[in-house]
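The chain contents come next:
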Amino acid sequence: MINVTKAYLPPLAEYTKYLEGIWERCHLTNNGPLVQELEQKLKDYIGVKHLFFVNNGTIALQIAIKALSLKGEIITTPFSYVATTSSIVWENCIPVFADIDPDTLMISPAAIEKAITPATSAILATHVYGGPCEVEAIEKIALKHKLKVIYDAAHAFGTIYKGNSILNYGDISTLSFHATKLFHTTEGGAIVTNDDNLAHTISYMRNFGHKGQEDFWGLGINGKNSEFHAAMGLCILPRIKEIMDKRKQASKMYDSLLDNETIHKPHIFGNTIYNFAYYPVLFPSENILLRVRDALNAKQVFPRRYFYPSLNSLNFVYQQNMPVSEDISKRVLCLPLYYELSENDIEMISSVVNENTLVEN
Ligand SMILES: *Cc1c(COP(=O)(O)O)cnc(C)c1O
């Protein structure tokens, strides 16, 4: 069986080495030495000032919204994973959608400007599939209208834009280290910022607001992550280049085998070193997509409709029409892409996709 992704696992002996240390110290969580080591190594690798390892990418978004004291309306993309929108609603703010660009699938700066009202406090955009949003245009709009910017960078670990990590943009960026992501810690995530004051706030919010054992800085939540999760990250981080290279080779192979006349790929901005987090393809119609998916399923291959449905159709947001996002989400499919995927698998998948794209009915 071939799924859309398969979690990367390091050699077991390397993980057990870390476990032996944990057993010796009996320090399982609460900012232990492995958590501190991982945070330092991630900051060095990414090249950012502050990074907080948290228990998942969704709590990272929620803490980001809280740390910026956001109220009222937050302009966001309808083309993302559900957590982008649900975090806004969970934090008692209102998601106002701005439609996406049909070529890049990123939130459209022009649509953001149109969606601004006196109640708007921030923009929450996603670096979809790991490619960069229009970060410069978004920064301009934010400055002009005094809005905060959060990037859901759950897909963007390792992506470089204009020579620096894409995580340097916005007030805060959030990462997910879920097992299905490019770099993972089983469950996990991170909050990234270059702002010292925000970092101060986040450091307390992540740990119940504790300021020592008996004193409290203010409102907090349990966003901490454990030594066991940090150990997984420490095993995988030294291999991240090899993991990305493997995925790059697989992506290039799909590029050369798929019928590029009828199957399109989202456009990635120039000046980008892509991380090859996903392999999304756009079909001419939903019918063709469904036919391709069924044919792949029959061969025990399970691609994923990602992102589907468009988030403006969720039953906990007020209804707004997002024609581009609705159309794209019906026609986009992520093909399997992971470290162990073999050349034979890619050839088989590509020929099933090509055959079923061409047949007219
Ligand atoms: C995976 C993902 C999340 C959620 O991350 P978790 O670590 O699973 O909570 C949020 N946003 C996007 C775009 C994601 O892909």
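Predicted, not measured: the structure shown is a model, and the values here were computed from it.

Asks: Before we go on, may I ask you to explain the UniProt feature "modified residue: N6-(pyridoxal phosphate)lysine" (unreviewed entry) in the protein chain in this structure?
Replies: As annotated by UniProt and renumbered to match this structure, "modified residue: N6-(pyridoxal phosphate)lysine" (unreviewed entry) occupies Lys181. With respect to the secondary-structure elements, lysine 181 resides in the loop between strand E9 (172–176) and strand E10 (189–193). Aside from chain neighbours lying at most four places away, what touches lysine 181 is Ala154, His155, Ser176, Tyr278 and Tyr306.

Asks: It is not clear to me how the domain arrangement of the protein chain should be interpreted in this structure. Could you clarify?
Replies: Domain boundaries assigned for the protein chain yield domain 1 (2–238) and domain 2 (240–355). One C-alpha centre belongs to domain 1, the other to domain 2; they are set 24 Å apart. Counting residues at the interface gives 49 residues for domain 1, matched by 51 residues for domain 2. Here domain 1 meets domain 2 over a buried area of about 4200 Å², counting both sides, of which 68% is carbon and sulfur. Counting the surface domain 1 buries against domain 2, the share from its top three residues, Ile2, Tyr129 and Leu182, is 20%. At the boundary of domain 1 and domain 2, one finds 1 salt bridge. The partner of glutamate 340 in a salt bridge is lysine 6, and the shortest N-O contact between them spans 3.0 Å.

Asks: Sorry, what's going on with the site of the ligand here?
Replies: Not every one of the 16 residues close to the ligand is listed here, only the nearest: Gly57, Thr58, Asp152, Ser176 and Lys181. Here an oxygen atom of the ligand and a backbone polar atom of glycine 57 are 2.7 Å apart. A distance of 2.6 Å separates an oxygen atom of the ligand from a polar side-chain atom of threonine 58. For the ligand, the protein covers 93% of the area, taking 380 Å² as the surface of the free molecule. Breaking the shell around the ligand down by element, the ones donating at least two residues are helix H3 (57–67) and helix H4 (82–90). Among the residues forming the shell around the ligand, the class breakdown is 4 nonpolar, 10 polar and 2 charged.

Asks: Teacher, can you tell me more about the nonpolar core here?
Replies: Side chains that are nonpolar tend, in soluble globular proteins, to be buried together. The biggest cluster of nonpolar side chains holds 69 residues, and the ones touching the most others in it are Phe79, Tyr129, Ile138, Phe157, Leu175 and Phe183. Here this core takes 6 residues from helix H8 (residues 227–236), the largest share from any one element. Both domains that meet at this core, namely domain 1 (2–238) and domain 2 (240–355), each give it at least three residues. If we ignore the near neighbours within four places in the chain, the residues touching phenylalanine 157 are Leu42, Tyr45, Ile46, Leu175, Phe177, Leu182, Phe183, Leu237, Ile240 and Asn275. With 24 residues, the next largest nonpolar core counts Ala250, Val281, Phe283 and Tyr338 among its residues.

Asks: Help me out: how do you make sense of the packing of aromatic side chains in this one?
Replies: Here the distance between the centres and the angle between the planes together describe a pair of aromatic rings. In total, this model carries 17 aromatic pairs according to the counting rule given. Aromatic side chains phenylalanine 157 and phenylalanine 183 sit 4.7 Å apart centroid to centroid with 15 degrees between the ring planes, which places their arrangement in the stacked category. Taken together, the positions of phenylalanine 157 in the loop between strand E6 (148–152) and strand E7 (160–161) and phenylalanine 183 in the loop between E9 and E10 put the pair 26 residues apart, joining distant regions of the chain. Judged by relative accessible area, phenylalanine 183 falls into the buried class, the value being 1%.

Criteria and cut-off values
Residues numbered from 1 in each chain as written. Predicted model: local features only at pLDDT ≥ 70, side-chain atom pairs only at ≥ 80, totals over all residues. Heavy atoms only, no water. UniProt positions renumbered as here; feature names shortened; annotations may be inferred. Helix = DSSP H or I, 4+ residues; strand = E, 2+ residues; numbered from the N terminus. Contact = heavy atoms within 4.5 Å. Domains from an automatic or database assignment. Buried area = accessible area lost by both parts, 1.4 Å probe. Salt bridge = Lys/Arg side-chain N within 4 Å of Asp/Glu carboxyl O. Near = heavy atom within 4 Å. Polar contact = N/O pair within 3.5 Å; in protein donor to acceptor, adjacent residues only side chain to side chain. Areas by Shrake-Rupley, 256 points an atom, 1.4 Å probe, with all protein chains shown as cover. Nonpolar A, V, L, I, M, F, W, Y, C, P; charged D, E, K, R; others polar. Core = buried A, V, L, I, M, F, W, Y, C linked by side-chain atoms within 4.5 Å. Buried < 20%, exposed > 50% of the residue type's maximum accessible area, 1.4 Å probe, protein only. Phe/Tyr/Trp six-rings, centres within 6.5 Å; stacked < 30°, edge-to-face > 60°.

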